[in-house]
Amino acid sequence: AKFTYVDKETCIACGACGATAPDIYDYDDEGLAEVIYEEDNNKGVKEIPEDLHDDMQDAADGCPTDSIQIADDPFNN
Ligand code: F3S
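From a predicted model like this one, the values you see are computed outputs, not experimental measurements.

What follows deals with the nonpolar core. Ranked by size, the top nonpolar core spans 17 residues in total, and within it Val 6, Cys 17, Ile 24, Tyr 25, Ile 48, Ala 59 and Ile 68 carry the most contacts. Looking at this core, the elements with two or more residues in it are strand 3 (33-35) and helix 2 (53-62). Element by element, the count of residues in this core is highest for helix 2, at three residues. For Ile 48, the contacting residues outside a window of four places in its chain are Lys 2, Phe 3, Thr 4, Ile 24, Tyr 37, His 53 and Met 56.

Side chains that differ in charge, positive against negative, can pair when their charged atoms come close. A complete count under the given rule lists three salt bridges for this structure. Notably, a salt bridge pairs Lys 8 with Glu 34, separated by 2.7 Å at the nearest N-O pair. Taken as a pair, Lys 8 in the loop between strand 1 (3-6) and helix 1 (16-20) and Glu 34 in strand 3 lie far apart in primary sequence, 26 residues in all. Assessed through its relative accessible area of 27%, Lys 8 is described here as partly exposed. You can call Glu 34 buried: its relative accessible area is 18%.

Criteria and cut-off values
Each chain has its residues counted from 1, following the order in which its sequence is written. Local features are withheld for residues below a pLDDT of 70 in this predicted model, meaning they are given only at 70 or higher, and side-chain atom pairs are given and counted only at 80 or more; totals for whole chains, interfaces and linings count all residues. Derived side-chain values reflect all non-hydrogen atoms in the structure, with water molecules and hydrogen atoms excluded from consideration. The term nonpolar core refers to a set of buried residues drawn from Ala, Val, Leu, Ile, Met, Phe, Trp, Tyr and Cys, joined through side-chain atoms within 4.5 Å. Whether a residue is buried, partly exposed or exposed follows from its accessible area with a 1.4 Å probe, protein chains only, as a fraction of its type maximum: under 20%, in between, or over 50%, in that order. Starting at the N terminus, helices and strands are each numbered in turn, a helix being any DSSP run of H or I of at least four residues and a strand any DSSP run of E of at least two. The criterion used for residue contact is that any of the two residues' heavy atoms lie within 4.5 Å. By salt bridge we mean one thing: a side-chain nitrogen of Lys or Arg within 4 Å of a carboxyl oxygen of Asp or Glu.

Next up, the structure:
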């Protein structure tokens, strides 16, 4: 299983992740990214299905500040 959230402390609102994985990442009012998949609310508790794993990894690899966190277990934000 895979889970993800965005560390908004380091996100610089570059806008890449939402373009790469729009089903997972969107932006708040300040342009900072957050996980919107199944209304996760950036908590990192909604399991990301396998068909989105490539997009998720591409987004993480493309983030200039390494703000996209991915793990095998749910986060607890
Ligand atoms: Fe922020 Fe990285 Fe996305 S800087 S907008 S989390 S690509």
